[in-house]
Amino acid sequence: MGQGGESRRAHAYDGELGAAVARAQDGDETAFAVAYRIVQPGLLGYLRGIVGDDAEDVASDAWLEISRDLGRFRGDGAGFRGWTATIARHRALDHLRRLRVRPRSAVLEQDVVLDLPGPHSTHDQALESLSTAHALELVRGLPQDQAEAVLLRVIVGLDGPAAARVLGKRPGAVRTAAHRGLKRLARQLGVADANGESGTGVTDGGPRTLGEST
């Protein structure tokens, strides 16, 4: 299953997730397990893109904090995904500081943000053609700002403003980083849009699915 599918599944389960979180806040342990089941795949994919093989350990630390502070959360299912991503990111950065390493980044080159492509979404074509492990390995090779923007938008399934809140940046900056990162991935995969140029399919409303138009 490609990473575009992860994002679409996340949105599809937001109603169930919001209901589960509300019940979990009332002490329903089974409901907390439901919320974990829905959120964990995207969260783990995000962390793998930051800390690699240490993702499961960092995720465990994050879930301990999520469980402890659950009563403080206010919001719906989509908001819960953003909140848990913020906690996971803090734990990942703490982990990296302890290791005295930075997320891997590629050498920056001159990137031009392209206009959104036509009928077919290049980033979905690129990412859906990869295995999960291969996709995450390529994403980890991006500059850090681009990697995190792609991971939050495509794998965790956050929209532009929510991803910006997680990263503490302006939505426009995150949108630009996601465009550049997905364009770079498409170029690495040799995927081109209808005009023969590598493109992206991220909008402020979230990644588009195959076959959607602007």
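Per chain, residues are indexed from 1 in the order of the written sequence. In keeping with the predicted nature of the model, local features appear solely for residues at pLDDT of at least 70, side-chain atom pairs appear and are counted solely at 80 or more, and the whole-chain, interface and lining totals rest on all residues. For the side-chain quantities, the full set of heavy atoms in the structure was used; hydrogens and water were omitted.

A. Region of interest: the packing of aromatic side chains. For Phe, Tyr and Trp, where Trp contributes only its six-membered ring, two rings pair if their centres lie within 6.5 Å, and the inter-plane angle classes them as stacked under 30 degrees, edge-to-face over 60, or tilted in between. Within this structure, the stated rule accounts for 5 aromatic pairs. Taking the centre distance of 5.3 Å and the plane angle of 40° together, the rings of F73 and W83 count as tilted. Note that F73 is positioned in the loop between α4 (55-69) and α5 (77-99) and W83 in helix α5, a separation of 10 residues in sequence. Exposed residues in this analysis have more than 50% of their type's maximum accessible area, buried residues have under 20%, and partly exposed residues fall in between, with area computed by a 1.4 Å probe over protein chains only. Taking the relative accessible area as the measure of exposure, F73 reaches 5% and is therefore buried. On the basis of relative accessibility, which here comes to 22%, the residue W83 falls in the partly exposed class. Three or more aromatic residues joined by ring pairs make a cluster, and in this case those are F32, Y36 and W63. Numbering of helices and strands starts at the N terminus; helices are DSSP runs of H or I of at least 4 residues and strands are runs of E of at least 2.

B. How the structure looks around helix α2 (residues 14-25). The span you would expect from a helix comes to 1.5 Å times its residue count less one. An ideal rise of 1.5 Å per residue puts 16 Å on 12 residues; α2 measures up with 16 Å between its terminal C-alpha atoms. Count one or two residues on from α2 and you reach G27, which has phi positive near 100°.

C. Seen up close, the side chain of D69. Relative to the helices and strands, D69 is located in helix α4. A distance of 3.0 Å separates polar atoms of two side chains, one belonging to D69 and the other to R68. Polar contacts, as counted here, are pairs of nitrogen or oxygen atoms within 3.5 Å of one another; within protein the pair requires one atom able to donate a hydrogen and one able to accept it, and residues that are adjacent in sequence qualify only if both atoms are side-chain atoms.

D. Here's a closer look at the nonpolar core. Nonpolar cores were defined as sets of buried Ala, Val, Leu, Ile, Met, Phe, Trp, Tyr and Cys residues, with membership established by side-chain atoms within 4.5 Å. Ranked by internal contacts, the top residues of the largest apolar core, which has 54 residues, are Y46, F80, L152 and L158. The set of elements that each furnish at least two residues to this core consists of α2, α3 (29-51), α4, α5, α7 (132-140), α8 (144-156), α9 (160-167) and α10 (171-189). In contact with L152, not counting residues within four places along its chain, are Y46, A85, G157, L158, A163, V166 and L167. Residue contacts are counted whenever heavy atoms from the two residues lie within 4.5 Å of one another.

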